[in-house]
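# Observations on chain architecture
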Amino acid sequence: MEEPRTEGPTPFNADVLRGILLALGLHLVVGLLVFFVVPEFLDLEWYIVAVSCFGLSQFLYIGPLMLYARKLKRPGLFRGLLLVAALTFLVNAGCWGLIATSGL
Amino acid sequence: MSEPELFVSLGPVHPHLLFELLAYSLGFLAYRILRRRGDHFTTSTRWSLIVAAAVGAALGSKLLALLNEPSTLFENLSDPVKFMAIGKTMVGGLIGGWIAVELTKRSMGIRERSGDLFAVPICVGVATGRIGCFLTGLPDHTFGTPTELPWGVDFGDGIARHPAQLYELVFVTAFGLYLLFRKQRGNGLEFRALLLGYLGFRLGVDFLKPGELLWGLTAIQWACTFALVYHSIHWPLVRRLFR
């Protein structure tokens, strides 16, 4: 059975960083898919909701990963994922309305 | 009705998005630098508190922003796009983050004060973020009421308004510099001082902002009032900071 990675600052730090990079990497992949692939298959109304509420829709893939990190007993990974999800929600909440309602 | 334009355009990048991302980055950088001076918590515990603060801030800032625009909220209860477009508020973020950190500490059995290390980074983040709010102008809804004072700013609609974003920027910059350069450190009161100072400032400066009033105050001002009353028991301790 794998040892829980809670002891010592280095493994924990590395796991937090892995979680952060994993979430950011997935955001990038999903972002590319959303802009280049998904519009072909998804109803326009749902597409707008999914993109504008990205702070919420991100949990479709971040949520299961967080549960998996929990199952693996990797609290560092879990926290890295949760941190990026919270910041994504904040950025989405702050900027979506502005970008949608103001000309660049 | 035409959509409001940005006060200052930075080309293809929205100024609010740019400065918000900068705010988180610079705030985290400030935290990393300050932590080198010493921290009585382990890295693991500190990360738990940071994540709790981020989650609490996300929930608190959204919840209070929704309450601050009740008419828009009730008109668009079933519209998730409008729900996200209402935005967020710093006051809710600060209070939500503080509550989440306190709950996390309680669940971990921690009784020591932990917020001092966050006080200056929060000032850095707020100051940077408010630059984005100012550059965004009218769409950001953080501008002040009309004024005839010489420093009133016309954000593009022909009306000179209080640059409330810059008032806040000046306040948090001064507060952050004071906390950074004062001689005595580590008494555990810097975060409480920031909380009291910032919420007191917002309670006052929000009278210079337009908003939906409920019994004479906006929801943000009511939140400031409740938090200030709750924290007022710490005021005699916080006063030590300014001696």
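## Description of the overall build of chain A
Looking only at helices and strands, one finds five helices and zero strands in chain A. Within the span of chain A, comprising 104 residues, buried residues form 41% of the whole. Nonlocal contacts in chain A, meaning residues at least 24 apart in sequence, comprise 72% of its contacts between residues at least 6 apart.

## Here's the deal with the confidence of the model for chain B
Atom-level detail of predicted coordinates should not be read off regions where pLDDT is low. Confidence along chain B averages 87 in pLDDT terms, with 91% of residues attaining 70 or more. Interface confidence for the predicted complex, expressed as ipTM, amounts to 0.83; the pTM equals 0.86.

## Details of the confidence of the model for chain A
Residue and element names in this part refer to chain A. With 77% of its residues at a pLDDT of 70 or more, chain A shows a mean pLDDT of 80. Averaged pLDDT values for the elements of chain A fall to 73 in helix α2 (residues 44-52) and rise to 94 in helix α4 (residues 59-71). Contacts from residues 1-9, a stretch scored under 50 in pLDDT, to residues over four places away or in other chains number 11 contacts.

## Let's talk about the environment of Cys133 of chain B
Residue and element names in this part refer to chain B. Its place among the elements puts Cys133 in helix α6 (residues 116-136). Accessibility expressed as a relative area gives 5% for Cys133, which makes it buried. When the C-alpha atoms of Cys133 and Ala164 are compared, they prove to be 9.7 Å apart, with 31 residues separating the residues in sequence. Setting aside residues up to four positions removed in sequence, Cys133 forms contacts with His16, Asp140, Thr142 and Gln165.

## Focus on the side chain of Asp206 of chain B
Turning to its location among the elements, Asp206 of chain B is positioned in the loop between α8 (190-205) and α9 (219-231). Those residues in contact with Asp206 of chain B, other than ones at most four positions away along the chain, are Ile220 and Gln221 of chain B.

## Overview of helix α7 (residues 164-181) of chain B
Residue and element names in this part refer to chain B. The terminal C-alpha atoms of α7 lie 26 Å apart, and with 18 residues this matches the ideal 26 Å at 1.5 Å per residue to within 8%. Among all positions in α7, only Ala164, Gln165, Glu168, Val172, Phe175, Gly176 and Leu179 are buried. Down the axis of α7, the buried side of the element spans an arc of 105°, and every buried residue falls inside it. The exposed residues of α7 that point more than 90 degrees off its buried face are Val170 and Phe181.

## A word on the packing of helix α2 (residues 43-68) of chain B against helix α5 (residues 90-108) of chain B
Residue and element names in this part refer to chain B. Where α2 meets α5, the closest approach of the two axes is 6 Å, and the angle between their N-to-C directions is 140°. Between α2 and α5, the interaxial angle falls into the category oblique. α2 and α5 meet at a crossing whose hand is right-handed. Two secondary-structure elements touch here, α2 through Thr45, Ser48, Leu49, Ala52, Ala53, Gly56, Ala57, Gly60, Ser61 and Leu64 and α5 through Val91, Gly92, Gly93, Gly96, Gly97, Ala100, Val101, Thr104, Lys105 and Met108.

## Here's the deal with the packing of helix α1 (residues 15-35) of chain B against α6 of chain B
Residues and elements named next belong to chain B. Orientation of α1 relative to α6, taken along the N-to-C sense of each, is 165°, at an axis distance of 8 Å. On the basis of their axis angle, the class for α1 and α6 is roughly antiparallel. When you trace α1 past α6, the crossing you get is right-handed. Its residues assigned to classes, the contact of α1 with α6 shows 16 nonpolar, seven polar and one charged.

Parameters and conventions
The written sequence of each chain sets the order in which its residues are numbered from 1. To label them, take the chains in the order written and letter them from A, then take the ligands in the order written and number them from 1. Where totals are concerned, whole chains, interfaces and linings use all residues; where local detail is concerned, this predicted model gives features only for residues with pLDDT of at least 70, and gives and counts side-chain atom pairs only at 80 or more. Side-chain metrics rest on all non-hydrogen atoms present in the structure, leaving aside hydrogens and water. Helix and strand definitions follow DSSP, with helices as H or I runs of at least four residues and strands as E runs of at least two, each counted in order from the N terminus. Throughout this description, buried means an accessible area under 20% of the type-specific maximum (1.4 Å probe, protein chains only), exposed means over 50%, and partly exposed covers the range between. Any two residues having at least one pair of non-hydrogen atoms within 4.5 Å are treated as being in contact. Every residue carries a pLDDT, the predictor's confidence in it, which falls somewhere between 0 and 100. The span expected for a helix works out to 1.5 Å for each residue beyond the first. The arc under discussion is defined with respect to the helix axis, by the directions toward the C-beta atoms. Comment: axis = line fitted to C-alpha atoms, over the contacting stretch for helices; angle = value between 0 and 180 degrees taken between N-to-C directions. With respect to orientation, any angle under 35 degrees is reported as roughly parallel, any angle over 145 as roughly antiparallel, any angle of 65 to 115 as roughly perpendicular, and every other angle as oblique. Two helices that cross are described as forming a left-handed crossing if the nearer one is turned anticlockwise from the farther one by less than a right angle, and a right-handed crossing if clockwise. Residues are sorted three ways: Asp, Glu, Lys and Arg are charged, Ala, Val, Leu, Ile, Met, Phe, Trp, Tyr, Cys and Pro are nonpolar, and all the rest, Gly among them, are polar.

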